[in-house]
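# Per-entry structural report
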Amino acid sequence: MSALLRQIPANIPQDIRKIRIENSHLTELPRGSFENVSALEYLWLNFNNITVMHIKSLEYLPALQELRLQGNKLSSVPWTAFQDTPTLKILDLKHNRLDVLPEHALRYLPNLTYLDLSSNQLTIISKDVFYNWPVYQRSQRTEGQIEAISNAVLALHDNPWICDCRLRGFVQFIKSVGPPIILMNSYLTCSSPKFRTGKFFHEVELNSCMKPLTSALDTNLTVPAGLNITLTCFVQASPSPAVWWTYALKLLRAFNVTTEPISEETVRSELLIPAARPADAGNYTCTAANFLGNTSVVINLRVVAPWASTTPRGWAPIAPAEPGAHVEVRIAKQTVYGITLEWFAAAAAAAEPGETWYTLLVGRYDAAQKDTIYIGPGVNTYSVTDLLPATKYEVCVAVRNQAPRKGQCVVFVTGSDVSQMEQREKLIHIVVIVCAMVLAVPAGMYACTAEALPGCLARCPRACPRRRRGGQAQAAGSKESTLDSIPAGSEDGLCRPEDIHGTRRPPAREEPGKNRPPHRNSADLY
C-alpha cells in the first residue's frame, strides 16, 4: 500500500494466492505481468494510475477469481484478455474512463457473478453486449425451468447516458432484466439530450433511428436590401444530427448559425444574414447528418432594393419602424454641380450614434428604383453630384433597415440651361416637399409648390412683395415669369397673391418679334 512502485515486482513467490497493490503509482500492466504466479486467485490493483492493459497481461492466471481495477485511468480494456481467466467471478472496473463497450465484451466472462462498470464515461451501449453474455443466455434457456443459476450483480449507474434512439435496445434490456441478473442500481438516469436530462430509463420511450430529413418553409426568398434576414431549415432525424450551412461551397461561420431542438426528433437551424446586400444573393445549403447518413435543402435568396415599387410615391415600410426613429434632413450646401445633404437622427433612432447606419436613396423623382448608398456610423453628410439639367430629383435618408418616412426626403429640380446657370453660379433650384424653399443663389428666393401645406400657402404671400396693381406696370417682354429668368437679387415674379387666392393673371404680352427662350422652365416640372 502506498509504495512508490513503477512496475509489478518480479520476485513474487509462486504460491501466492492473493496480491493487493494499491496507491502505488502503477501505470501499466505489461504482458505476462504475473506469469510466475499461476496460483493467483485474488488480484487487487485499485487506485493506481494504470492507463494501459496489455492483451496478454493476465496470461498464465487460470485460477484467477477476482480482479479489481477500481480508480485507475483505463479508457479501454482488452476484453479478449479474459480468455486466460475462465474462472473469473468478480470484475470491478468502476471509476475509470471507459467510454465504449464492444458487442462481444462479455463473451469471455461466462462465470461472472459481479460486474461493476459504474462511474465511467459510457454513453451508448448496444443491447447485444448483454444478449451475447453467456450468463444472460443461460438465464433465457432455463427460464421456467427449475435449475439453480447463480445470480449476477450488474452495476451500470453514474454514467453519462445519451438517451436517444441508439440507446433504445439497452433501455429495453434494463426495463426487462430480472433474476438471475440483478441491477445494483436500477434507477439509471439520462444525461442528454437536454429535454431528457435527469429522467429515469423507465420514464422514457425511445424511437427507432432515422436518417435526417431536411425541409424549409420557403426555398425561394425575395427580400429587400438592408434587412436582417434569417434563413430557416427544419431537420427531422434520430439521433439528433449535426447541422451546418454552406454558401458557394464555403462553410459559413458558426456564430451566425443557431440550432435548437423544437421536439424530440426535430431541430430548427437558423442562419442570420445581417443587413442583406445584393452580393448576398444566391443559394444557401442547409445540411444535416447523423450516423445513418446526410441530406440537405437549398434556399435561393434574392435581394432587391427596398424602394423598388410600382408606386414610387408611396413608401411601403419594409420593416416595423422603431418609435421615434426619425431622421431630419436639410440642404447644407449647393454648388453648380450638386448639393450637400446634412441629417441628424432623433434621439430614439440615435440611441447608439456610434453604431447607427443610414441608407440614402438617390434618383429621379419618378424613377421606380433609386440608387442606394449605405452610410456608416459617424457620418451625417453626403454630396450629390453629376446631375442632369432640367431634371426633378428626390433624395431620401433613413435609418438602415427602415423605409424613409415623410419628411425624410428632399425634392429638387436642376436648372434648365447649364451654361447660363454656371455663369450665374446657380444650377439647382431646391424645393423641399413641405414648404419648398429655394436655396439657390441668390439667397432669399422662395417658391410654393402644389404640394405645400395650407399653412405654408398662407405664409407665402407675406414672404413675397405685394405689388400695387395700379403702379409700376411691368413692361411687356422685359422679363419672363420663370425661375430661370429672375435676375440676381430680385424677388420679382416668384409669388403673387393672385396665384395663391386662385385668380391667375393672364401672361405678359410679348414684344413683337421676340422669340421665347428655347430652354424649358424647370419650375414647370412641378
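None of the values given here were measured: they were computed from a predicted structure.

Calculation criteria
Residues numbered from 1 in each chain as written. Predicted model: local features only at pLDDT ≥ 70, side-chain atom pairs only at ≥ 80, totals over all residues. Heavy atoms only, no water. Core = buried A, V, L, I, M, F, W, Y, C linked by side-chain atoms within 4.5 Å. Buried < 20%, exposed > 50% of the residue type's maximum accessible area, 1.4 Å probe, protein only. Helix = DSSP H or I, 4+ residues; strand = E, 2+ residues; numbered from the N terminus. Contact = heavy atoms within 4.5 Å. Polar contact = N/O pair within 3.5 Å; in protein donor to acceptor, adjacent residues only side chain to side chain. Salt bridge = Lys/Arg side-chain N within 4 Å of Asp/Glu carboxyl O. Pairing = 2+ DSSP bridges. Axes fitted to C-alpha atoms, helices over the stretch in contact; angles between N-to-C directions. Disulfide = S-S within 2.5 Å. pLDDT = per-residue confidence, 0-100. Phe/Tyr/Trp six-rings, centres within 6.5 Å; stacked < 30°, edge-to-face > 60°. Lys NZ or Arg CZ within 6 Å of the ring centre and 35° of its normal.

## What to know about the nonpolar core
Leu-67, Trp-79, Leu-91, Phe-130, Trp-133, Phe-170 and Phe-201 are the most contacted members of the largest nonpolar core, which has 58 residues in total. Breaking this core down by element, the ones donating at least two residues are helix H1 (128-131), helix H2 (134-141), strand S8 (152-155), helix H3 (168-176) and strand S10 (181-183). Here this core takes 4 residues from H3, the largest share from any one element. Aside from chain neighbours lying at most four places away, what touches Phe-201 is Trp-161, Cys-163, Leu-167, Phe-170, Val-171, Ile-174, Lys-175, Leu-188, Thr-189 and Cys-190. Counting 22 residues, the second largest nonpolar core, distinct from the first, contains Leu-231, Ala-237, Val-257 and Ile-273.

## Remarks on H2
Residues of H2 that are buried: Pro-134, Val-135, Tyr-136 and Ser-139. Each element contacted by the buried residues of H2 is listed here: H1, S8, H3 and S10.

## Description of the environment of Asn-72
In this structure, Asn-72 sits in the loop between strand S5 (66-68) and strand S6 (90-92). The exposure class assigned to Asn-72 is buried, which follows from its relative accessible area of 4%. Apart from the residues lying within four places of it in its own chain, the contact partners of Asn-72 are Leu-45, Asn-46, Phe-47, Asn-48, Asn-49, Ile-50, His-95 and Asn-96. At 3.0 Å, the side chain of Asn-72 forms a polar contact with the backbone oxygen of Leu-45.

## Concerning the pattern of salt bridges
Pairing is possible between side chains of opposite charge, provided their charged atoms come close. Evaluation of the coordinates by the stated rule reveals 16 salt bridges. Between Glu-66 and Arg-68 there is a salt bridge; the shortest N-O distance is 2.6 Å. By relative accessible area, which is 8% here, Glu-66 ends up buried. The salt bridge partner of Glu-205 is Lys-175, with a shortest N-O separation of 3.3 Å.

## Details of the sheet that holds S6
Read from one edge of the open sheet, 7 strands run S1-S3-S5-S6-S7-S8-S10, paired in parallel fashion. Since the sheet does not close on itself, it has two edges, and those belong to strand S1 (18-20) and S10, each with one partner. Geometrically, the sheet is characterised by an average inter-axis angle of 10° between neighbouring strands, direction not taken into account. Where S5 lies against S6, 3 bridges are found, and the strand directions are parallel. In the sheet register, Leu-67 faces S6, and the bridge partner there is Leu-91.

## Side note on the state of the cysteines
Cysteine pairs can be covalently joined through their sulfur atoms, and such a bond is termed a disulfide. Tallied over the full model, the rule gives 4 disulfides. Disulfide partner of Cys-163: Cys-190, at an S-S distance of 1.9 Å. Where Cys-163 bonds to Cys-190 through sulfur, the torsion about that S-S bond is close to -95°, and the disulfide is left-handed. Within this pair, whereas Cys-163 is found in the loop between strand S9 (161-162) and H3, its partner Cys-190 is found in strand S11 (residues 190-192), the two being separated by 27 residues in sequence. For the pair formed by Cys-163 and Cys-190, the shared burial category is buried. Through a disulfide, Cys-165 is tied to Cys-209; the S-S separation comes to 2.0 Å. The sign of the 100° torsion about the S-S bond sets the Cys-165-Cys-209 disulfide as right-handed. Of this pair, Cys-165 sits in the loop between S9 and H3 while Cys-209 sits in the loop between S11 and strand S12 (210-215); the two residues are 44 residues apart in sequence, bridging distant segments of the chain.

## Quick word on the pairing of S8
Regular strands place side chains that alternate from one sheet face to the opposite one. Sheet topology places strand S7 (residues 114-116) next to S8; 3 bridges connect them, and they run parallel. Looking at S8, one finds that Leu-115 is bridged to Leu-154.

## Here we look at the side chain of Asp-280
In this structure, Asp-280 sits in the loop between strand S18 (266-273) and strand S19 (282-290). Non-local contacts of Asp-280, meaning those with residues more than four positions away in its chain, are made with Tyr-247, Ile-273, Ala-275 and Leu-301.

## A short note on H3
Three or four residues apart is the spacing at which side chains of an α-helix point the same way, because the helix has 3.6 residues per turn. Listing the buried residues of H3 in full gives Gly-169, Phe-170, Val-171, Phe-173 and Ile-174. Tucked inside the fold, the buried residues of H3 contact H1, H2, S8, S9 and S10.

## Side note on unusual backbone geometry
A cis amide bond links Pro-179 with the next residue in sequence, Pro-180, at an omega value of 15°. Within the fold, Pro-180 resides in the loop between H3 and S10. Cis geometry is found at the peptide bond from Ser-192 to Pro-193, where omega equals -5°. With respect to the helices, strands and loops of the structure, Pro-193 is situated in the loop between S11 and S12. Despite not being glycine, Tyr-60 has its phi angle at roughly 70°, a positive value. Its location among the elements puts Tyr-60 in the loop between strand S4 (52-53) and S5. Non-glycine residue Ala-390 carries a positive phi angle of around 50°. Looking at where Ala-390 falls in the secondary structure, it is placed in the loop between strand S25 (381-384) and strand S26 (392-399).

## Points about the sheet that holds S19
Working definition: the strands of a sheet are paired by backbone hydrogen bonds and lie parallel or antiparallel to each other. Taken together, the 5 strands give an open sheet; going across it, the order is S13-S20-S19-S15-S16, and neighbouring strands pair in mixed fashion. The open sheet has two free edges, formed respectively by strand S13 (220-224) and strand S16 (250-251), since each of these has just one partner strand.

## Observations concerning the confidence of the model for the chain
Regions with low pLDDT carry predicted coordinates that are not meant to be interpreted in detail. In the predicted model, the chain carries a mean pLDDT of 76, and the fraction of residues at 70 or more is 71%. Note that residues 347-351 has pLDDT below 50 and, in this model, 11 contacts with residues that lie over four places away or in other chains. This model gives residues 421-526 a pLDDT under 50, and the stretch forms 156 contacts once residues within four places in sequence are excluded.

## Considering the packing of aromatic side chains
Evaluated as defined, the whole model comprises 13 aromatic pairs. Summarising the aromatic geometry, the rings of Phe-130 and Phe-170 are spaced 5.8 Å apart at their centres and angled 25° between planes, so their arrangement reads as stacked. One end of the pair, Phe-130, is in helix H1; the other, Phe-170, is in helix H3, and 40 residues separate them in sequence. Both residues of the pair, Phe-130 and Phe-170, belong to the buried class. Taken together, the ring pairs connect Phe-130, Tyr-131, Tyr-136, Trp-161, Phe-170, Phe-173 and Phe-201 into an aromatic cluster. Over the face of the ring belonging to Tyr-42 we find Lys-18, whose NZ or CZ atom lies 5.0 Å from the ring centre. For Lys-392, the ring lying beneath its charged end belongs to Tyr-365, and the centroid distance is 3.9 Å.

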